[in-house]
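Geometric and topological summary
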Amino acid sequence: MAIDFPSSPSVNDTYTFAGITYTYTNRLVWKANALSSFTGPTGPTGVTGPTGVTGFNGTLGGTGPTGATGPTGTSTSTLLVGTYFF
């Protein structure tokens, strides 16, 4: 894209385009300022590198605490009536 500078500048007028500031000089030209800079857009992401080596296994941790005791169940009894042969 072409830069569209102002058509009737005066000496020391400035014009900024795409992050670069230009100054109109006494030689009747637009000069990019040395201190201005332009950072372009971020480029595409590169390819993913290889997977690294697997690390060492850590030490085994201690035994955890005992869990809470569950509720007590209801009691039932079965009465067997009949004849048993031994």
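Throughout, a residue's number is its position along its own chain's written sequence, starting from 1. Predicted model: local features are reported for residues with pLDDT of at least 70 only, side-chain atom pairs are reported and counted for 80 or more only, and whole-chain, interface and lining totals are derived from all residues. With hydrogens and water set aside, each side-chain value is computed from the structure's full complement of heavy atoms.

Within a regular strand, side chains alternate between the sheet's two faces. In this sheet, strand β2 (residues 20-24) lies alongside strand β1 (residues 14-17) in antiparallel orientation, the contact comprising four bridges. Note that in β2 the partner of Thr16 across the bridge is Thr21. Joining the antiparallel neighbours β1 and β2 is a turn of two residues, in which Ala18 adopts a positive phi near 50 degrees. In this analysis, strands are considered paired if DSSP registers two or more bridges between them. Comment: elements are numbered from the N terminus, with helices defined as DSSP H or I runs of at least four residues and strands as E runs of at least two.

Overall, antiparallel pairing links the three strands, which are arranged β1-β2-β3 in an open sheet. Strand pairing shows two members of the sheet lacking a second neighbour, β1 and β3 (30-32), which therefore form its edges. Averaged over neighbouring strand pairs, the angle between their axes works out to 30 degrees when direction is ignored. Whenever a helix is involved, its axis is fitted only over the stretch in contact; in every case the axis is a line through C-alpha atoms, and angles between N-to-C directions fall within 0 to 180 degrees.

Before going further, it helps to examine the pairing of β2. Within β2, four of the five residues are buried, which leaves it mostly tucked inside the rest of the structure. Sheet analysis places β2 next to β3, joined by three bridges and oriented antiparallel. The partner of Tyr22 across the bridge, within β3, is Ala32. Hairpin connection from β2 to β3: five residues lie between these consecutive antiparallel strands, with Leu28 at a positive phi of about 65 degrees. In this scheme, a residue with accessible area under 20% of its type's maximum is buried, one over 50% is exposed, and one in between is partly exposed, where area comes from a 1.4 Å probe on protein chains only.

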